[in-house]
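What follows is the residue order along each chain.
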Amino acid sequence: MRALFVDDDESVNFFHGIIVEEYGGFEECEFYDNPMEALDRLAQLEVEESPNVLFLDINMPPIDGWEFLDELNERNLHIPVISIVSTSMNPEDKIRAQNHPLVSHFQSKPLTVEFLGKVKEAYLENHPVITD
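Residues numbered from 1 in each chain as written. Predicted model: local features only at pLDDT ≥ 70, side-chain atom pairs only at ≥ 80, totals over all residues. Heavy atoms only, no water.

Quick look at a negative patch on the surface
Taken together, the side chains of E27, E28, E46, E48 and E49 make up a negatively charged region of the molecular surface. Secondary-structure assignment places E28 in strand β2 (residues 28-32). (Patch = residues over 30% accessible without salt bridge, like charges linked within 9 Å, V, L, I, M, F, W, Y side chains within 5 Å. Areas by Shrake-Rupley, 256 points an atom, 1.4 Å probe, with all protein chains shown as cover. Salt bridge = Lys/Arg side-chain N within 4 Å of Asp/Glu carboxyl O. Lys, Arg positive; Asp, Glu negative; His and termini not counted. Charge placed at Lys NZ, Arg CZ, Asp CG, Glu CD. Helix = DSSP H or I, 4+ residues; strand = E, 2+ residues; numbered from the N terminus.)

Structure below.
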């Protein structure tokens, strides 16, 4: 599985990288502290190279997580499982995430190994691995 992390805080990305290593459930991970660079990278990828899972912060410059999702939609970029990972204390953000058609999960920072397992499980339930 491939995962993409978008958070403007480099220390959060560093910490999440440690959690991902501890979890060990992703073959490839990319971390971006600039959402526009992440969108540009996604646009360059072939479909089979695209991430299976996106972990997205809400409060970022120059665009926030909601605008990032709008851009994904406008650019016709598809990521099967999108998790909002935020420190937002605004209950409206959680409600908005629950009602957003592209968002699968809302998680308060920091990520945990247990949450990564739930996200991978959710992906595999909808995209089973076919073996011989």
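Now that the structure has been shown, we can carry on.
Structural notes on empty space enclosed by the protein
As enumerated under the stated definition, the model contains 1 cavity of 30 Å³ or more in all. Put simply, the largest cavity is a space of about 40 Å³. Every residue along the wall of the largest cavity is listed here: F5, V6, D7, N13, H16, F55, L56, D57 and V85. Those elements giving two or more residues to the lining of the largest cavity turn out to be β1 (2-6), α1 (10-23) and β3 (53-56). In the lining of the largest cavity, the residues fall into 5 nonpolar, 2 polar and 2 charged. (1 Å grid on protein atoms, 1.4 Å probe; cavity = no way out; pocket = protein on both sides within 12 Å on 5 of 7 lines; lining within 4 Å. Points joined across faces, edges and corners; volume = space filled by probe spheres on them. Nonpolar A, V, L, I, M, F, W, Y, C, P; charged D, E, K, R; others polar.)

Observations regarding helix α2 (residues 35-44)
Among the residues of α2, those classed as buried are P35, A38, L39 and L42. Projected down its long axis, α2 carries its buried residues within an arc of 100°, all on one side. Looking at the buried side of α2, the elements it contacts are β1, β2 and α3 (65-74). Of the residues that open α2, the one with a side-chain oxygen 2.8 Å from the backbone nitrogen of M36 is N34. (Buried < 20%, exposed > 50% of the residue type's maximum accessible area, 1.4 Å probe, protein only. Arc of directions from axis to C-beta. Contact = heavy atoms within 4.5 Å. Polar contact = N/O pair within 3.5 Å; in protein donor to acceptor, adjacent residues only side chain to side chain.)

Details of the layout of surface pockets
Approximately 240 Å³ is the volume attributed to the largest pocket. For the largest pocket, the lining is made up of 14 residues, of which V47, E48, S50, P51 and H78 are closest to its centre. Broken down by class, the residue content of the lining of the largest pocket amounts to 8 nonpolar, 4 polar and 2 charged.

Considering the packing of α2 against α3
For the pair α2 and α3, the least separation of the axes is 11 Å and the interaxial angle reads 20°. The angle between the axes of α2 and α3 places the two elements in the roughly parallel class. Note that α2 runs across α3; the crossing there is right-handed. Only F68, E71 and L72 of α3 make contact with α2, whose side of the interface consists of P35, A38, L39 and L42. Classifying every residue of the contact of α2 with α3 by side-chain character gives 6 nonpolar, no polar and 1 charged. (Axes fitted to C-alpha atoms, helices over the stretch in contact; angles between N-to-C directions. Parallel < 35°, antiparallel > 145°, perpendicular 65-115°, else oblique. Left-handed = near helix turned anticlockwise from the far one by under 90°.)

As far as function goes, none of this settles anything; it's purely spatial.
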